[in-house]
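# Topology and contacts: notes
Spelled out from the first residue to the last, the chains are:
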Amino acid sequence: MKTKIIYITILMCCLSFTSCESYLTHYLGDQMTVEEVFDKRETTERYLAQVYSFLPNDKNVLDNMVPCSDEAYFSWTAWVNYISQNDGSWNPTTNNYHTWSNYYKGINQATVFMNNVDLCLEVSAENRKIMKAEARFLRAFYYSMLFRQYGPVFIWGDNTPDLTIPNDEVDRHTVDECVKFISDELSLAAADLPLKITDPSWYGRVTKGAALAAKSRLTLYAARPLFNGASLYKGMKNHYGNFLFPQTADPSKWDLAAAAAKEVIDLGAYQLYKTTTGDTPFKQAINSYSGIFFELWNDELIFARWDGDGYSWGVRAAPPMILKEGYGGYAPSIKLVDTYPMGESGRYPVTGYKSNGTPVVDELSGYQEDGFVDNYTHPIDGTQIKAHHSVIGRDARFYASILWNGMNWINTFNGTKLVTFYDGGTSSFNNKTGDFVKVGYMFRRMSDPRNDTENGKWGKFSWPFFRLAEIYLNYAEACNEMTNRNEAEALLYFNKVRNRSGLNNIEVAYPEIIGNQALFRELLRKERMVELAFENHRYYDIRTWMIAPQESNGPRFGRELRAKNFEDSWKRTSEICSPIVFEPKHYFFPIHQNQLNEMKNITQNYGW
């Protein structure tokens, strides 16, 4: 490589053939040559840290598609309207959630690091090998993030961007080419990465399990209908004349997805987080689920992002009016609330909705939609409240996650405070903007009651990119769909997730699931919605399953918070929440106009 007059700031250009300056992001002092950067351990390690810096921050809703999905209703994020409440103004010039250029910066910096780290003789050969594998993982992970948002993309391979390539020669590689490259890269990275990080000061760095978990998710997506023979994308070609998407479904891709998930499981390095904290098994189940976030670097986490300041998330997940700072902008959808299973029967209570939002209730579940109990004892704090029947008898994850209208907010430092969201009929909720509870519920799972929020101590997170419960559900789904369906394995790993929350086996709750592939598929999708709630899965799950037109389209309901009394505030209404919109073009984001200007012949996504 010619580096004597090529500076490190120049080498960081990526896919910007006409405006390279927009991709220059990393400066290690004044212009440094490659030799200077990789001559010293310190600058080499700083460069690798910079490659890590492009990881998404799911606590930041600009990196997180949760508010754009059917699992949530975030009143504060006005830009979400472009995505989930499309008013016709979302187009290739919209900047919100645009990640293309950011990830390609990270991809290019990873490649520069991989191609030059061996120049640093201050780092041992073994450590250079591991550092190179870390960069290889990060590069593949960034490609996978682009892939799930935009579909197939352009793959640079091991080359740094060649600015002499004519614009009209650059177009997207096919789905199968992208999946093969990313999958192969993750396997190569896994071969050289350590199984565990033993030094606490290095927690959060990439491991073998992280690479294999990323491969599990990638191959699962590739097996699902969106990337595996979807009729919507048949005939779509790049300018080389290659079909961008598979023209027919390949059932064997489910076998690859099952094998990839099992490879993570067989490492034996991870276990579902469980705690004995709590004076009953049910409280222990509640604390086990919430503790995934609060018990830092626990053994369920395969790859996670450390966040030492929970303010930006916590303040908007805290109830308004009763706290010094509590904005209430982040809330679950009533559909998510309805999906949590019943604790005793283990059945998912709501099977669908009538046109007016009335839930269709599974009579065998034990769920009641109407009426109240005057002296209900909350299973977490033991306080007695007047409770709507719908919140009684749910599974542990419900109580770990959902704060409802009329419930007590418990905090170690603030004591017990009653939370109500209805306003006595004094205002028009549907005209209000900003932080506001419009659904009748809030999502409390990431709000640790041990945090002294009144004094600005909002806690810490190990926010998971990958955790074992996801891998179990990946494996269960793939086993259900693979060419030689493995129902026994599918049930085993489905039940491992359920049992952690105190639920019975799925075949006990639903005896009719045995031999019923379609029912297993339906119930596993509900389980993913609950278990992985607010972890940035649902938006992509319903798209890759291609069920978004049914699940993410139409009016959204909440409780009647304009009521003048508590009882009436539990009625359902669609007049407060805005509808959610899905069109066929919304399966993928449009490639941004900036990229279209630079790469004149790149193939735009369907409908844009």
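Keep in mind that what you see is a predicted model, and the values were worked out from it rather than measured.

### Examining helix α5 (residues 100-116)
- For α5, spanning 17 residues, the distance from its first C-alpha to its last is 25 Å, which sits close to the expected 24 Å at 1.5 Å a residue.
- Extensive coverage of α5 is indicated by the burial of 15 of its 17 residues.

### Some thoughts on the packing of aromatic side chains
- Counted under the stated rule, the structure contains 53 aromatic pairs.
- Their ring planes at 45° and their centres at 6.5 Å tell us that F141 and Y142 sit as a pair that is tilted. Comparing F141 with Y142, the two get one shared label, buried.
- Taken together, the ring pairs in this structure connect F54, Y103, F137, F141, Y142, F303, F465 and F466 into an aromatic cluster.
- It is R205 that lies over the ring of W202; its NZ or CZ is 4.3 Å from the centre.
- The ring of Y539 has R543 lying over it, and the distance from NZ or CZ to the ring centre is 3.6 Å.

### Observations concerning unusual backbone geometry
- One non-glycine residue, W297, lies in the positive phi region at around 60°.
- Among the secondary structure elements, W297 is positioned in the loop between α10 (281-294) and β1 (301-307).
- Notably, M546 is not glycine yet its phi reads approximately 60°, a positive angle.
- Relative to the helices and strands, M546 is located in the loop between α18 (538-544) and α19 (548-551).

### Observations regarding the nonpolar core
- Ranked by size, the top nonpolar core spans 122 residues in total, and within it W100, Y104, F113, F137, F141, Y143 and V153 carry the most contacts.
- Per element, the largest residue contribution to this core is 13 residues, and it comes from helix α6 (residues 125-150).
- Residue contacts for V153: discarding those within four places in its chain leaves W100, Y104, Y143, L146, R172, H173 and C178.

Calculation notes
- Residues numbered from 1 in each chain as written.
- Predicted model: local features only at pLDDT ≥ 70, side-chain atom pairs only at ≥ 80, totals over all residues.
- Heavy atoms only, no water.
- Helix = DSSP H or I, 4+ residues; strand = E, 2+ residues; numbered from the N terminus.
- Expected span 1.5 Å × (residues − 1).
- Buried < 20%, exposed > 50% of the residue type's maximum accessible area, 1.4 Å probe, protein only.
- Phe/Tyr/Trp six-rings, centres within 6.5 Å; stacked < 30°, edge-to-face > 60°.
- Lys NZ or Arg CZ within 6 Å of the ring centre and 35° of its normal.
- Core = buried A, V, L, I, M, F, W, Y, C linked by side-chain atoms within 4.5 Å.
- Contact = heavy atoms within 4.5 Å.

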